[in-house]
Amino acid sequence: MKKLTAVLTAFLLMVTVFVPTVHAEADPELGFEISSEGVYMVNNESGIVVYEKNADQKFDPASLATIMTAIIAIENCPDLENTMVTAQPYIFDEIFNLGAANVDMRHREEARMIDLIYAMILRSACECASIIADYIGNGDISAFVQMMNDKAAEIGAVNTNFANPHGLPNDNSYTTAKDMYLIFDYAMDNYPIFAEIAGTVSYTMPATNMHSSERTISHTNTMLNESSSTYYANMTAGKTGTSSTGRNLASTATRDAYSYTLVTMNAQLYYDNGDQITDNMSFVDAKQLYDWAFDNWSVRSVVKTSTDIDEVKVELASDVDAITVFPDQDVDYLMRNDIDMSSLQKVVHLEDSYDAPIQAGQVLGTMELKLADTTIATVNLVAGQDVERSTWLAILRSIQNFFSSVWFKLIIALLLLLVAAYIAFAILYNNRKSKRRRRKTRRRF
């Protein structure tokens, strides 16, 4: 098995020697080149997406698929430390035919579930992924893969489909940078054991029935390793993946009070001058993107409760005509350091006037805080002081309201109608009375 892996590795090296070097143009937003075709980067404290590139474009997940395999294993195995799993012989037929990397697991070898997950995440050990899937799926790996896809849909990774538990090439396996962020972030947030594994530089697998001595494995994400030339001190966890077309990386990094999760997909597989291996471009992209985020983004004060926003007219007050309104909370927001705060829009929603009495802190309206076309927050606007009602002004208002009310108008209309009816009746009565008098006068003569 070791000889096969070495041969395949040498073959891949020979093939990739002839892949031409392509230089990307600097991204105007970043000021530097990004090799990865898909990128999704999120600030963990706020959930704000600070950078994305082709976030919904589909790519081969490669070994990033094992993140979902780990999630399903953790959720369905309550005792990772003491659950023993046997490697079934049929699993190795698939792994042999696909030429997959491994940690020298053997037929009928018994290993703890926790050791299999470590090997799968640190070394992308494909046979360990299949051994896990066989065990959780009760001998049916396809049933396990269905669990993976059901979980992806539950998480919201709607543009993802897994065809196997290890991520080896398959036309039906695809994901996006955004979906893989959702999956990786879910694992990191919900399962401390996964976060611990993904941040482990090296791990010692204990002896088994097929290995008389321990095996120490190291993380393929060498950005975590202090002794590596690619070491990045701010990185805290990660998972690598390499497909036939590029490199993938899901990772997290922390500096000071800020942390980010970054997924890069399909970074270039290049060689310089046809004979020298370049740096891992997914690592180069990650370092540049993390440094850019740490250096150029920060939480800035947008509005404070002490900021007077507007004055509103007050009616029925005994001693004031207007009061000032203030936000009911401070608003801090993660944004670019070079954003001019004067570009922030404050869209105020208030009535033309308010009637006393008013209590300090009473909500009178709202304010939208907008950056470009994005509403970053909506806050209540509250009265800055108590306002007492004037009894006489209230009585006068009541009188005015009465005289301007519909009922008053109806009463006046009714009275006018009665007066008009009375006048009409009086006229009619007088006319008849006059006629009778004239008739009496004519009879006399």
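Note that the structure is predicted; figures quoted are calculated from it, not measured.

Before going further, it helps to examine the environment of Val314. Inspection of the secondary structure assignment puts Val314 in strand β15 (residues 310-315). Residues Val314 and Val387 lie 73 residues apart in sequence; the distance between their C-alpha atoms is 8.6 Å. In this structure, Val314 is in contact with Val320, Asp321, Ala322, Ile323, Tyr354, Ala356, Ile358 and Val387, ignoring residues within four places of it in sequence.

The next subject is the sheet that holds strand β3 (residues 38-43). Two modes of strand pairing occur in sheets, parallel and antiparallel, and in both the strands are linked by backbone hydrogen bonds. Strand order across the open sheet formed by five strands is β4-β3-β11-β10-β9, with antiparallel pairing between neighbours. Every interior strand has two partners, whereas the edge strands, β4 (49-53) and β9 (235-242), have only one. Ignoring which end each strand starts from, the neighbouring axes of this sheet average 5° apart. Relative to strand β10 (residues 247-255), β9 runs antiparallel, the two being bridged by seven bridges. When the bridges of β10 are listed, Thr242 appears paired with Arg247. Lying over the sheet, helix α7 (residues 177-190) contacts β3, β9, β10 and β11 (258-267), oriented at roughly 135° with respect to β11. Contacting β3, β4, β9, β10 and β11, helix α9 (residues 281-296) crosses the sheet at an angle of about 30° to β10.

Attention shifts here to the packing of aromatic side chains. Evaluated as defined, the whole model comprises ten aromatic pairs. A ring pair is formed by Tyr51 and Trp292, whose centres lie 6.1 Å apart and whose planes are at 75°; its orientation type is edge-to-face. Of this pair, Tyr51 sits in strand β4 while Trp292 sits in helix α9, and the two are 241 residues apart along the sequence. We note that Tyr51, like Trp292, is buried. Linked through ring pairs, Tyr232, Tyr260, Tyr290 and Phe294 together constitute an aromatic cluster.

Moving on, we get to the pattern of salt bridges. According to the stated counting rule, one finds ten salt bridges in the structure shown. Note that Asp104 and Arg106 form a salt bridge whose closest N and O atoms lie 3.0 Å from each other. Classification of Asp104 as buried rests on a relative accessible area of 16%. With a closest N to O distance of 2.8 Å, Asp115 and Arg112 form a salt bridge.

So, on to the sheet that holds strand β20 (residues 363-371). Here we have six strands laid out as an open sheet, ordered β18-β20-β21-β16-β15-β19, and mixed in their pairing. Each of the sheet's edge strands pairs with one partner strand only, and the pair in question is β18 (345-349) and β19 (353-355). Between one strand axis and the next, the sheet turns through 35° on average, direction left out of account. Where β20 meets strand β21 (residues 374-383), eight bridges bridge the pair, whose relative direction is antiparallel.

Quick notes on the rules
Residues numbered from 1 in each chain as written. Predicted model: local features only at pLDDT ≥ 70, side-chain atom pairs only at ≥ 80, totals over all residues. Heavy atoms only, no water. Helix = DSSP H or I, 4+ residues; strand = E, 2+ residues; numbered from the N terminus. Contact = heavy atoms within 4.5 Å. Pairing = 2+ DSSP bridges. Axes fitted to C-alpha atoms, helices over the stretch in contact; angles between N-to-C directions. Phe/Tyr/Trp six-rings, centres within 6.5 Å; stacked < 30°, edge-to-face > 60°. Buried < 20%, exposed > 50% of the residue type's maximum accessible area, 1.4 Å probe, protein only. Salt bridge = Lys/Arg side-chain N within 4 Å of Asp/Glu carboxyl O.

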